[in-house]
Structures are given as C-alpha cells and as structure tokens.
Amino acid sequence: MDKIRLRYAPSPTGFLHIGNTRTALMNYLFAKHYQGDFIVRIEDTDIERNVEGAIESQFDNLNWLGLTPDESFLTPKKEYGEYIQSKKLDRYCKLADELIVKGFAYKCFCTSEELDAEKERQAAQGIVATRYNRKCLGIKDFTPYEGKEYSIRFKVPDDKIYKIDDLVRGMVEFNSKEIGDFVIIKTNKIATYNFAVVVDDFDMEITHVVRGEEHISNTPRQCMIYQAFGWNEPRFCHLTLIVDDTKKKLSKRSGNAVFFISQYREKGFLPQAVFNYIGLLGWSPKVEKEIFSQQEFVEMFDEKRFSKSPSTFDMVKMKWINSQWMKKMDDVEYLKLTKQFVDQTRFKISKVEDNWLDAVLLLFKKEIEFGAQINEHLDLFFNEIEYDEATKAIYAEFTDVKPMVEALKTSLEKLQDFNEDNIKAIIKELEVNFNKKGKNLFMPIRIASTLSSHGPELAKTIALIGKEKVIKNITKVI
Ligand code: GLU
C-alpha cells in the first residue's frame, strides 16, 4: 500500500481556532496512526482575504500543540513542489491550459457586469441556484477577443452522477445538473480553491482528505477535475460540525467558549489538555476514559469511529480536562506555569519570600483549572479582603460558635511557632473542648480566619496567611 499522506491546508484568512485545530489534529492522528506523513500546506489564493501574520501564528500554535508537520514550506520535500499555493500559480495555469486543449475547460470573456446582469435575469425568473449561461462555451473565432481579459471555466459534464464514498457519511451522490461551469483560473491568473486544491493534493500524493463538512459541496467539482486529468481521487472524509450550546456552529461569538488557541495559551491552559479535549471532538474512542496523551491518541485512532452527528463544544469539560493535566504536573513545572500568570500589579510577588510564595501557589494545585485562575485565589494572602454579606449569612447559620472562635483567637495569639501542625493541634483541641464535628467545626473556623466559606486545606491556609492577618480576620468576624 502507498504511504498514507494527509494534509492540513489552512487559508491564511484567520488564526488557529477550535474548528481548524480539530481538522489539523484529525489529519495528524490519521497520518501518525498509519506511520504516514502529516503535511501543512498554505492555501493563500484568495488574496484579498489573507490576514497579515496568520501563517506564522498558525505554525506557532500548531507547534505549541505538538502538531508539528513532517512537511511544510519550512521543511519542504522537493519532489512535492511548493507548499504555498501562491508560489505555484504558473503550474495551475499550465494545467488549466491543458484542460482547454483537451476540451474540459474554456476561456470566458464575460465581464463581471455581464455576469451580474445574467444572475439578476435568472433570479427574476425565479431561479434560486443561478449559474453561468455558457455564453463563451462555443467561441471558435477568438480574433474579436484578442488582448481581452478572460477567466478559465471548467466545463461541467451534463447530467452525470458523482458518487463520493465519504468516510463519515458513506456514499454521497451529486448530480452535475446542480452545478454550473465554474471558474478554475480567475482573470488575474490566480487559480481558484477548487482547482488548486486538486492539483496540490495530486502533486503531494495525498491519500486522504480530512476536512470540515462545509467543503462537501465542493467535492463533486474536485472529482470532476480529477477525472478530467485521469488522476486517482484521494479518500474523502468530511468531519461534522462543532456546535456551541445553542447548537450554532462554534465561532468567536459563541458565548463562554474560548475560540482561539492563542487565547488558551494566554490563560495558561496546557497544550496536552487542549490537544486532549479537541482530540475527542467528532469521534469516540473505544475505551471509556477521558484523559489521553498524544501518543495514546495516535495508537487508538480509528477513522471508522468518526461521529455522524455534530459534536457540542463544552467549555466546562475543556477546563476539567485541563485541571486533570495540571494535577499531573510536577510541582516545579506547576510553579513555573503559575508564576508566569500571577498578576504582578495586583500581587507584589517580588516582595515576598520564594518559599512562602511557592507554598501558597501549591495550595491551589488541585483547585485551579488553568494558570491564570491562580489570581482568583491570592487576595487572601496579599491584600485586604472584604467580609461579604453572603459569607456573613453562612456564618450566621452556625449558632453558638462565638466561644469557640474566641478560643481559636486566644490560642492562635499565643502560638509561637505559627505552623500547620500547631494549628492542626489547636483545631483538634477546639473539637474536643467544644464538642463540634465536621462542618460545624471547620466552617466557622474557616470563615473566621479566612473570611471565606471555601478554600484549600484549612490549617495550611491559616499558616500561610500568617498570624497577624488571621487574628485581624477573626476579630472582624467576632
Ligand atoms: N483552505 C481550505 C480551508 O481553509 C481547506 C480546504 C481543504 O481542506 O480542502 O477551509
């Protein structure tokens, strides 16, 4: 069997986001599962829509995720030609001319005004899917057109059924009657997407085309071109949509979903976790498990398990998966990550002792879901915090705790060595002396010493807040 070769082919019209990352990732897994090649090709023929910096940003974010291509314009292989479409415009033109010679394509001299007028005319007749009227198809004598601009149109076969055996949808049929003669080379000599994509997939010996379902309607056009050249088609695989919780296609406007990969990086998500979550969108592994490494994904990938219905993007689950990956980090890595995200204008970490800061940050290793979330927890240790009404109301639910809290204050005041073990011993004493257990013991102590009803390990937290501040808090509550 030929070597499996798949490609991710972004147009530099935007940045890497959940949708195109899923496409890249599935192409990567598919290729790697079969020891094949993963290629990144830039489809930049829609010049007006290209965005500055998009290519660099896509590569940077793909690398961050571990989706490093075997081949791209950065690591090209000569035999496959250029990996950026704008560099092979001559080849597309040459091949289009070949199609003209063979009678599969023709020059079209219609101006955009003429084409618009024709569209309007058809629309006025009630035609919804307007199409080119083939005005230029029969031109035999080109003398009157000399020097005039032209596009090249593909001559769509009449009334022919195109069958696509899609890996996700099974057999899909299109009738060429639905498709008008389409442009393959524009008047500016630039190939259109449908033409360039076929030439490149052929030149690069792509065996499987995995892409979003928005491209399925392009596929019959591409099949026509393959057949005109007598080239073998790759196997197609159109992934179903990723939708948000309102069932709309996921986009940057999708409520609380973080859309761009750069935003995950900015918030301190881990690449393994983002890979893990996106790797589960649109197919289901056999094993009932949710945390997988990149290597595990490669091993278990199965193109027969792509789902036929849309997958819903779930930000809560993405965060949960990230929190699981954070828990797996060793402490040194965790500290390096969180320190990067501490808001240094809000928390003056340069003024505190390293050991103390490390201990404070480590308190939240099992609590936070992503790096930047650390900032939601540090006020207690660095700044004055408010004893808010909601917490007061919770405290008020615990009756006759005042004597216990006063005893807590007295014991802590007397404590010479304000460390976790000694504080634990004091809490133990209170348990015995005041005959309180569980929530009735811990909640009043937590609220009194931290002004908050939740948080990590209590004795450790109290020790790290420090004697002076804790006594101040308890006094406030009393
Ligand atoms: N350049 C196309 C896009 O960004 C990809 C098309 C394809 O994979 O065939 O949507």
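Residues numbered from 1 in each chain as written. Predicted model: local features only at pLDDT ≥ 70, side-chain atom pairs only at ≥ 80, totals over all residues. Heavy atoms only, no water.

Engineer: When you look at the overall build of the protein chain in this model, what are you seeing that I'm missing?
Structural biologist: Of regular secondary structure, the protein chain possesses 19 helices and eleven strands. Whereas a compact globule of 478 residues would reach a radius of gyration of roughly 23 Å, the protein chain reaches 32 Å, over 25% beyond that. Referenced to the eigenvectors of the C-alpha coordinate spread, the extents of the protein chain come out at roughly 105 × 50 × 40 Å. Residue burial in the protein chain is summarised as follows: out of 478 residues, 50% are buried. For the protein chain, the share of sequence-separated contacts (at least 6 apart) that also reach a separation of at least 24 residues comes to 75%. Looking at the protein chain as shown, the accessible area adds up to about 24100 Å², and 50% of this sits on carbon and sulfur atoms. Side chains of the protein chain give 71 positive and 74 negative charges; the mean places of these two sets differ by 2 Å. (Helix = DSSP H or I, 4+ residues; strand = E, 2+ residues; numbered from the N terminus. Rg over C-alpha atoms; globule rule 2.2 N^0.38 Å. Buried < 20%, exposed > 50% of the residue type's maximum accessible area, 1.4 Å probe, protein only. Contact = heavy atoms within 4.5 Å. Areas by Shrake-Rupley, 256 points an atom, 1.4 Å probe, with all protein chains shown as cover. Lys, Arg positive; Asp, Glu negative; His and termini not counted. Charge placed at Lys NZ, Arg CZ, Asp CG, Glu CD.)

Engineer: Could you clarify how one ought to interpret the sheet that holds strand β3 (residues 105-108) in this entry?
Structural biologist: In any sheet, the strands associate via hydrogen bonds between backbone groups, in a parallel or an antiparallel arrangement. Spatially, three strands are ordered β3-β4-β7 in an open sheet, and the strand pairing comes out antiparallel. Each having just a single partner strand, β3 and β7 (183-185) make up the two edges of the open sheet. On average, each strand axis in the sheet is inclined to that of its neighbour by 40°, with strand direction left out of account. The pairing of strand β4 (residues 151-154) with β7 spans two bridges and is classified as antiparallel. Each residue of the ladder has a partner; that of Ile152, found in β7, is Ile185. (Pairing = 2+ DSSP bridges. Axes fitted to C-alpha atoms, helices over the stretch in contact; angles between N-to-C directions.)

Engineer: What am I meant to see in the site of the ligand here?
Structural biologist: Around the ligand sit Arg7, Ala9, Ser11, Glu43, Tyr193, Val197, Arg211 and His215, and those are all the residues in its vicinity. Tyr193 places a polar side-chain atom, nitrogen or oxygen, 2.7 Å from an oxygen atom of the ligand. In isolation the ligand has 300 Å² of accessible area, and contact with the protein removes 80% of it. For the shell around the ligand, the per-class residue count stands at three nonpolar, two polar and three charged. (Near = heavy atom within 4 Å. Polar contact = N/O pair within 3.5 Å; in protein donor to acceptor, adjacent residues only side chain to side chain. Nonpolar A, V, L, I, M, F, W, Y, C, P; charged D, E, K, R; others polar.)

Engineer: Explain the UniProt feature "domain: Aminoacyl-tRNA synthetase class I anticodon-binding" (unreviewed entry) in the protein chain here, please?
Structural biologist: The sites that UniProt annotates as "domain: Aminoacyl-tRNA synthetase class I anticodon-binding" (unreviewed entry) are residues 340-478. Annotated as residues 340-478, this span is 60% helix and 0% strand, and its ends, taken at the C-alpha atoms, are 38 Å apart. (UniProt positions renumbered as here; feature names shortened; annotations may be inferred.)

Engineer: Explanation requested: the side chain of Asn218 in the structure shown.
Structural biologist: Looking at the element boundaries, Asn218 is found in the loop between β8 (208-212) and α6 (219-229). Overall, Asn218 belongs to the buried group, its relative accessible area being 16%.

Engineer: What is the right way to look at the packing of aromatic side chains in this model?
Structural biologist: The description of an aromatic ring pair uses the distance of the two centres, along with the angle that the planes make with each other. With the rule as written, the count across this model stands at 24 aromatic pairs. When the centroid spacing of 5.4 Å and the interplanar angle of 40° are considered together, the rings of Phe30 and Phe301 count as tilted. Of this pair, Phe30 sits in helix α1 (residues 18-33) while Phe301 sits in the loop between α9 (294-300) and β11 (311-312), placing them 271 residues apart in sequence. Looking at Phe30, the relative accessible area reads 1%, which means it is buried. Under the relative-accessibility criterion, Phe301 is labelled buried at 2%. Geometrically, the ring pair formed by Phe229 and Trp231 is stacked, given 4.1 Å between the ring centres and 10° between the ring planes. Residues Phe229 and Trp231 agree in their burial class; the two are buried. (Phe/Tyr/Trp six-rings, centres within 6.5 Å; stacked < 30°, edge-to-face > 60°.)

Engineer: Before we go on, may I ask you to explain the UniProt feature "short sequence motif: 'HIGH' region" (unreviewed entry) in the protein chain in this structure?
Structural biologist: The feature "short sequence motif: 'HIGH' region" (unreviewed entry), as given by UniProt, occupies residues 10-20 in the numbering adopted here. When the span residues 10-20 is considered, its composition is 27% helix and 0% strand, and the gap between its end C-alpha atoms is 8 Å.

Engineer: What's the story with the pattern of salt bridges in this structure? I'm lost.
Structural biologist: Once the charged atoms of two side chains with opposite charge are near each other, the side chains can pair. Evaluated as defined, the whole model comprises 36 salt bridges. Here Arg7 makes a salt bridge to Asp201, at a shortest N to O gap of 2.9 Å. In this pair, Arg7 sits in strand β1 (residues 5-8) while Asp201 sits in helix α5 (residues 193-203), placing the two residues 194 residues apart along the sequence. A relative accessible area of 4% means that Arg7 is categorised as buried. When its relative accessible area of 3% is taken as the criterion, Asp201 is described as buried. Residue Arg121 pairs with Glu118 through a salt bridge whose shortest N-O separation is 2.9 Å. Here Arg121 and its partner Glu118 are both found in helix α4 (residues 112-124), three residues apart, which amounts to about one turn of the helix. What makes Arg121 partly exposed here is its relative accessible area of 43%. Take Glu118: its relative accessible area is 13%, and that puts it in the buried class. Among the ionic contacts, a cluster of salt bridges with common partners joins Arg7, Arg41, Glu43, Lys88, Arg91, Asp200, Asp201 and Asp203. (Salt bridge = Lys/Arg side-chain N within 4 Å of Asp/Glu carboxyl O.)

Engineer: Where do I start with the nonpolar core in this structure?
Structural biologist: In summary, soluble globular proteins display a tendency toward joint burial of nonpolar side chains. Core analysis: the biggest nonpolar cluster contains 105 residues, and Tyr264, Phe313, Met318 and Leu412 have the highest contact counts within it. Here this core takes eight residues from α1, the largest share from any one element. Beyond its immediate sequence surroundings of up to four residues, Phe313 is in contact with Ile18, Ile242, Val243, Leu250, Ala257, Val258, Tyr264, Tyr277, Leu281 and Met318. If you look at the next biggest cluster of nonpolar residues, it comprises 43 residues, including Leu95, Cys108, Phe154 and Ala228. (Core = buried A, V, L, I, M, F, W, Y, C linked by side-chain atoms within 4.5 Å.)

Engineer: How should helix α15 (residues 402-414) be read in this particular structure?
Structural biologist: Count 3.6 residues to each turn of an α-helix, and residues three or four apart come out pointing the same way. A rise of 1.5 Å per residue sets the reference length of α15, with its 13 residues, at 18 Å; its end C-alpha atoms lie 18 Å apart and thus fit the reference within 8%. For α15, the set of buried residues is Met404, Val405, Leu408, Ser411 and Leu412. In a view along the axis of α15, the buried residues occupy a sector of 125°, so they form one face of it. Contacts made by the buried residues of α15 are with α14 (389-396), α16 (420-434), α17 (438-450) and α19 (467-477). (Expected span 1.5 Å × (residues − 1). Arc of directions from axis to C-beta.)

Engineer: Sorry if this is basic, but what is going on with unusual backbone geometry here?
Structural biologist: Most peptide bonds are trans, and most residues other than glycine sit at a negative phi. Of note in the backbone geometry, Lys189 takes a positive phi value of approximately 75° without being a glycine. Positive phi, normally seen in glycine, also occurs at Lys247, with a value near 70°. Structurally, Lys247 can be placed in the loop between β10 (242-243) and α7 (261-267).

Engineer: Any chance you could explain the packing of α16 against helix α18 (residues 458-465) here in plain terms?
Structural biologist: Geometrically, a packed helix pair is captured by the angle between its two axes and the distance between the axes. Two elements in contact, α16 and α18, have axes whose closest approach is 8 Å; the angle formed by their N-to-C orientations is 125°. Classed by the angle they form, the pair α16 and α18 counts as oblique. Helix-helix and strand crossings are classified by hand; for α16 and α18 the assignment is right-handed. Between α16, through Glu420, Ile423, Lys424 and Ile427, and α18, the contact on the second element is made entirely by Leu458, Ala459, Lys460, Ile462 and Ala463. Here the contact of α16 with α18 is built from residues that sort into six nonpolar, no polar and three charged. (Parallel < 35°, antiparallel > 145°, perpendicular 65-115°, else oblique. Left-handed = near helix turned anticlockwise from the far one by under 90°.)

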